[in-house]
Amino acid sequence: RSFGLPMVFPKDVEREAAQFSEAIPPNEIGKRLDLRGTVCFTIDPEDAKDFDDAISFVALPDGNMRLGVHIADVSHYVREGSVLDREALARGTSVYMVNEVIPMLPERLSNNLCSLKPNVDRLTYSVLMDVATNGAVENYTIHKTIIHSKRRFTYEEVQKILESGKGELVDTLLP
């Protein structure tokens, strides 16, 4: 509070964020690479509130892996020059404190429509990288995509799976 950080959003910003539907329009889906059949998941701290990135791994016939890094497509909702855009620009970033977050975008976007929660379709930008067994990136492409995250992992859960060789999505995490 001593730095004058904005604790609430103006009503016009909240109104603009509220206008977006939960359902993704079919015409928007048609414009994107559909990755909903690919196993995607998030890995975040236990106390994370928003999930803005996900990953996927697909084994390729030549022994390489296709690593997908999927980032929430905030630009679908926050249009240049809009009330949301001007407010986000003024805030600059979300501010994370010990017991509180002051978000850059209203909760409807930051913790819902732009959060890659499990078991819901979400709009994303994806970088698909073909990675050789030695870790070298041999090729990559960038796409507007739609994903359906299968699981929200914590760092601790993934560590246990990597150490034990057992657990959900173990075949994806340890191919």
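Use the structure listed above.
Figured I'd write up the structure that's included with this text. Counting restarts for each chain: residues are numbered from 1 in the order of the written sequence. Totals for whole chains, interfaces and linings use every residue, but because this is a predicted model, local features are given only for residues with pLDDT of at least 70 and side-chain atom pairs only at 80 or more, for both listing and counting. For the side-chain quantities, the full set of heavy atoms in the structure was used; hydrogens and water were omitted.

A word on the overall build of the protein
In plain terms, the rule: Secondary structure follows DSSP: runs of H or I at least 4 residues long count as helices, runs of E at least 2 residues long count as strands, and numbering of each begins at the N terminus. A 1.4 Å probe rolled over the protein chains alone gives each residue an accessible area, and that area as a share of the maximum for its type sets the label: buried under 20%, exposed over 50%, partly exposed in between. When checking whether two residues touch, look at their non-hydrogen atoms; a contact exists if any pair is within 4.5 Å. Areas reported here follow the Shrake-Rupley algorithm with a probe of radius 1.4 Å; residue values treat only the protein chains shown as occluding. The charged-residue count follows a simple rule in which Lys and Arg add positive charge and Asp and Glu add negative charge, with His and chain termini not counted at all. Charge positions come from single atoms, namely NZ of Lys, CZ of Arg, CG of Asp or CD of Glu.
Of regular secondary structure, the protein possesses 6 helices and 8 strands. When the helices and strands of the protein are placed in sequence order, the string is α-α-β-β-β-β-α-β-β-α-β-β-α-α. On the principal axes, the C-alpha backbone points of the protein span a range of 55 × 40 × 30 Å. Going through the 175 residues of the protein one by one, you find that 39% of them count as buried. For the protein, contacts bridging at least 24 residues in sequence account for 63% of all contacts bridging at least 6. By element, 55% of the accessible surface of the protein is carried by carbon and sulfur atoms, the whole surface being about 10,400 Å². Computed over 20 positive and 27 negative side-chain charges, the separation of the two mean positions in the protein equals 5 Å.

Observations concerning the packing of helix α1 (residues 11-18) against helix α3 (residues 83-91)
What counts here: Helix axes are fitted to C-alpha atoms over the stretch in contact, other axes to C-alpha atoms as well, and angles between N-to-C directions run from 0 to 180 degrees. Orientation categories follow fixed angle ranges, with anything under 35 degrees roughly parallel, anything over 145 roughly antiparallel, 65 to 115 roughly perpendicular, and all other angles oblique. Crossing handedness is read from the near helix: turned anticlockwise from the far helix by less than a right angle, it gives a left-handed crossing, and turned clockwise, a right-handed one.
Relative to each other, α1 and α3 sit at 125°, their axes nearing to 9 Å. When the axis of α1 is compared with that of α3, the two are oblique. Crossing hand, α1 versus α3: left-handed. Residues Asp12, Val13, Glu16 and Ala17 of α1 form the contact with α3, whose own contacting residues are Val83, Leu84 and Glu87.

Quick look at the nonpolar core
Side chains that are nonpolar tend, in soluble globular proteins, to be buried together. Selection criterion: In this description, a nonpolar core means a group of buried Ala, Val, Leu, Ile, Met, Phe, Trp, Tyr and Cys residues linked to one another through side-chain atoms lying within 4.5 Å.
With 24 residues, the main nonpolar core has Phe20, Tyr77, Leu84, Leu109 and Ile147 as its most contacted residues. Secondary structure elements with two or more residues in this core: α1, α3, α4 (107-113), β7 (121-131) and β8 (137-154). For this core, the element with the highest residue contribution is α3, accounting for 3 residues. Residue contacts for Ile147: discarding those within four places in its chain leaves Leu35, Arg36, Cys40, Ala54, His70, Leu116, Val120, Asp121, Arg122 and Thr124. The next biggest cluster of nonpolar side chains, apart from the first, holds 7 residues, and it includes Ile43, Val158, Ile161 and Leu173.

Structural notes on the layout of surface pockets
To keep things clear, this is the line we draw: Using protein atoms alone on a 1 Å grid, points that fit a 1.4 Å probe yet trap it form a cavity, whereas open point sets bounded by protein on both sides within 12 Å along at least five of seven lines form a pocket; residues with an atom within 4 Å of a point count as lining. Grid points are joined across faces, edges and corners, and a volume is the space filled by probe spheres set on the points. Polar here means any residue other than Ala, Val, Leu, Ile, Met, Phe, Trp, Tyr, Cys and Pro, which are nonpolar, and Asp, Glu, Lys and Arg, which are charged; Gly is therefore polar.
Its volume calculated, the largest pocket comes out at about 660 Å³. Every residue lining the largest pocket is counted, 25 residues in all, and those nearest its centre are Asp50, Ser94, Tyr96, Val101 and Asn111. Among the elements of the structure, β4 (65-72) and α4 are those that each provide at least two residues to the lining of the largest pocket. With 3 residues, α4 is the single largest residue contributor to the lining of the largest pocket. Tallied by class, residues from the lining of the largest pocket come to 14 nonpolar, 4 polar and 7 charged.

Notes on the packing of aromatic side chains
For the record, the criterion: Pairing of aromatic side chains requires ring centres within 6.5 Å, counting the rings of Phe and Tyr and the six-membered ring of Trp. Pairs whose planes differ by under 30 degrees are stacked, by over 60 edge-to-face, and all others tilted.
As enumerated under the stated definition, the model contains 3 aromatic pairs in all. With 5.1 Å between their ring centres and 85° between their planes, Phe20 and Tyr77 make a pair best called edge-to-face. Here the residue Phe20 occupies a position in the loop between α1 and α2 (26-30), and Tyr77 occupies one in the loop between β4 and α3, the gap between them amounting to 57 residues. Summarising the burial analysis for this pair, Phe20 and Tyr77 share the class buried. On the numbers, 6.3 Å between centres and 45° between planes, the contact of Phe41 with Phe57 is tilted. Here the residue Phe41 occupies a position in strand β2 (residues 40-44), and Phe57 occupies one in strand β3 (residues 53-59), the gap between them amounting to 16 residues. Exposure remark for Phe41: the relative accessible area of 0% places this residue in the buried category. Ring-pair connections join several aromatic residues into one group, and the members of that group are Phe41, Phe57 and Phe153.

As for α1
Where we set the bar: Relevant arc is that of directions from the helix axis to the C-beta atoms, nothing else.
Of the residues making up α1, those classed as buried are Val13, Glu16 and Ala17. Buried residues of α1, seen end-on, are gathered within an arc of 100° and therefore sit on one face of the element. Facing away from the buried side of α1, by more than 90 degrees, are the exposed residues Lys11 and Arg15. Those residues of α1 hidden inside the fold are in contact with α3 and α4.

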